Structure formats: structure tokens, C-alpha cells
Amino acid sequence: KVISEWLRKFGLCNKWALISLGGSETISSDGVEAIKQLVKVHPKVAVIIDSERNSADAEIDNRRTKFRADCISAEIPCLILEKRALENYFSIDAIKKACGANAMSLEPFEKLANHGWGKRDGLKIATQMTDDEIIATDIVKFIQKHSLTVEKSPENKLAIVLRNQTLPASWL
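Since we're looking at a predicted model, the values are computed, not measured.

**Focus on the nonpolar core**
Reasoning step 1: Within the largest apolar cluster, 24 residues are counted, with the highest numbers of intra-cluster contacts made by Trp6, Leu86, Phe90, Trp117, Ile125 and Ile139.
Reasoning step 2: Every element with two or more residues in this core is listed here: α1 (2-9), α4 (92-99), α5 (122-126) and α7 (138-145).
Reasoning step 3: When near neighbours in sequence (up to four residues on either side) are disregarded, Leu86 contacts Val2, Ile3, Trp6, Asp50, Leu81 and Ile139.
Reasoning step 4: By size, the runner-up hydrophobic cluster in this structure holds 11 residues, among which are Ile27, Val32, Ile35 and Ile76.

**Section: the packing of aromatic side chains**
Reasoning step 1: In the structure shown here, the tally under the stated rule is one aromatic pair.
Reasoning step 2: The ring of Tyr89 is capped by Lys83, whose NZ or CZ atom sits 4.9 Å from the centre of that ring.

**Considering empty space enclosed by the protein**
Reasoning step 1: Scanning the model with the defined rule gives one cavity of 30 Å³ or more in all.
Reasoning step 2: If you add up the space inside the largest cavity, you get close to 40 Å³.
Reasoning step 3: What lines the largest cavity is Ile3, Trp6, Leu7, Phe10, Ile134, Ile139, Val140 and Ile143.
Reasoning step 4: Residues that form the lining of the largest cavity fall into these classes: eight nonpolar, no polar and no charged.

**Focus on unusual backbone geometry**
Reasoning step 1: Residue Glu75 is not a glycine yet carries a positive backbone phi of 60°.
Reasoning step 2: Of note, Asn114 is a non-glycine position whose phi angle comes to about 55°, a positive value.
Reasoning step 3: Mapped onto the elements of the fold, Asn114 is located in the loop between α4 and α5.
Reasoning step 4: Residue class for Asn114 comes out exposed when judged on its relative accessible area of 77%.

**Focus on the pattern of salt bridges**
Reasoning step 1: Applying the stated criterion across every chain, the model contains six salt bridges.
Reasoning step 2: Here Glu33 and Lys36 are joined by a salt bridge, their closest N and O atoms 3.1 Å apart. Separated by three residues within a single helix, Glu33 and Lys36 lie in helix α2 (residues 29-41), roughly one turn from each other.
Reasoning step 3: For Asp121, the salt bridge goes to Lys124, with nearest N and O atoms at 3.4 Å.

**Details of the packing of α2 against helix α3 (residues 62-73)**
Reasoning step 1: In the contact formed by α2 and α3, the axes pass within 9 Å of each other and the chain directions differ by 30°. The pairing of α2 with α3 is recorded here as roughly parallel in orientation. Viewed along their axes, α2 and α3 form a crossing whose handedness is right-handed. For the pair α2 and α3, contact is made by Ser29, Gly31, Val32 and Ile35 and by Phe67, Asp70 and Cys71, respectively.
Reasoning step 2: Each residue belonging to the contact of α2 with α3 can be placed in one class, and the counts come to four nonpolar, two polar and one charged.

**Some details on the environment of Glu52**
Reasoning step 1: Inspection of the secondary structure puts Glu52 in the loop between β1 (47-49) and α3.
Reasoning step 2: Judged by relative accessible area, Glu52 falls into the partly exposed class, the value being 29%.
Reasoning step 3: Sequence spacing of Glu52 and Leu81 is 29 residues, and the spatial spacing of their C-alpha atoms is 8.5 Å.
Reasoning step 4: Filtering out sequence-adjacent residues up to four positions away, Glu52 remains in contact with Arg64 and Arg84.

**Let's talk about the state of the cysteines**
Should the sulfur atoms of two cysteines be covalently bonded, the bond is a disulfide.
Reasoning step 1: Evaluated as defined, the whole model comprises zero disulfides.
Reasoning step 2: There is no disulfide at Cys71, and the cysteine sulfur nearest it, in Cys78, is 4.3 Å away.

**What to know about α1**
Reasoning step 1: Looking at α1, one finds that the buried residues are Val2, Ile3, Glu5, Trp6 and Leu7.
Reasoning step 2: Summarising the contacts, the buried residues of α1 are in contact with β1, α5, α6 (131-135) and α7.
Reasoning step 3: Two residues or fewer past α1, Gly11 is found with a positive phi of approximately 75°.

About the thresholds
Residues numbered from 1 in each chain as written. Predicted model: local features only at pLDDT ≥ 70, side-chain atom pairs only at ≥ 80, totals over all residues. Heavy atoms only, no water. Core = buried A, V, L, I, M, F, W, Y, C linked by side-chain atoms within 4.5 Å. Buried < 20%, exposed > 50% of the residue type's maximum accessible area, 1.4 Å probe, protein only. Helix = DSSP H or I, 4+ residues; strand = E, 2+ residues; numbered from the N terminus. Contact = heavy atoms within 4.5 Å. Phe/Tyr/Trp six-rings, centres within 6.5 Å; stacked < 30°, edge-to-face > 60°. Lys NZ or Arg CZ within 6 Å of the ring centre and 35° of its normal. 1 Å grid on protein atoms, 1.4 Å probe; cavity = no way out; pocket = protein on both sides within 12 Å on 5 of 7 lines; lining within 4 Å. Points joined across faces, edges and corners; volume = space filled by probe spheres on them. Nonpolar A, V, L, I, M, F, W, Y, C, P; charged D, E, K, R; others polar. Salt bridge = Lys/Arg side-chain N within 4 Å of Asp/Glu carboxyl O. Axes fitted to C-alpha atoms, helices over the stretch in contact; angles between N-to-C directions. Parallel < 35°, antiparallel > 145°, perpendicular 65-115°, else oblique. Left-handed = near helix turned anticlockwise from the far one by under 90°. Disulfide = S-S within 2.5 Å.

Here it is, written out as C-alpha cells:
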């Protein structure tokens, strides 16, 4: 839901289909096989998974690393998030707007617990994130790498750029 909301802000919600892998249990060779089935329906498939790292210098666990390698060998782009999970990308301003003044943000590798909000609040928080906060993420860099560029126009509105040509979002 979070990434769907961010894509909506960029006018891309009708151009990307998002399917939850169902969490850590699907990060396996069976998960890659399921994703390969999606590729048969549409060749443009990409995968984003949480890193679940506890610190910046922590290694990504072998299961996630193998999953990414299996995706890449199947020519499926796969991003393992730089931060621990999607919740770690939420800004303090967005969290407080969505969940109240007592809600707290997460450090980049902190696990969500007792912060005055939960996973169920993700969509509500995502709607409060600014364009600049979203554009600064490795998630947007990943989307940019795989054909679309998201940037600010001179009028301070988001524009979608495809192969160096700026197109109105309604054309995408």
C-alpha cells in the first residue's frame, strides 16, 4: 500500500501492478518461481524486498541475497532496501501528521515497536510524505533505473520522464 501511494503521487498507480509477496516466508526459490509466472503475463516485473538489517554495516541474510541473485538470473530486477524496511523511510513529519504528536519515527535500521503507530498506519503515513522525501529514497532510484524518472518540474510539480522526454502523467 505504501509504494502504491507513492506511485499515485507520481501518476503511475495505473501503470504498475503491485503484489505483496506475503513477507519473509515468500523470499525463497518458490517465490522466484511465482514471480517468473508473472513475467509470462507481463515482461516488466520488478521486486522490492526489505533488508531486515539491524545496522548499516550488517550483512544481508543469505536467504535474501540468494533470492535477489535468483531474481537477477531470471532477468527480474530486484531491490533489497537500503534501510531495514519500508517503515524506516517514513519521515517524522509524516508520522506526526498521520498519527499524532506523540508518535516517533524509526532510525534507519530500527525495528518497529512501541513508536505510537504500527504497520496498519503505513498508508496513512505514506500519504503525508512530501514529494522530496519520496524522491530521495533508493526505491525511487530503483524505479528510475528501470525506465522511469521521477523529478520536479520548474513549476515545482512532479514530472515523469521516460527516455529523456518529459511526458504528462496522463500519457503514461
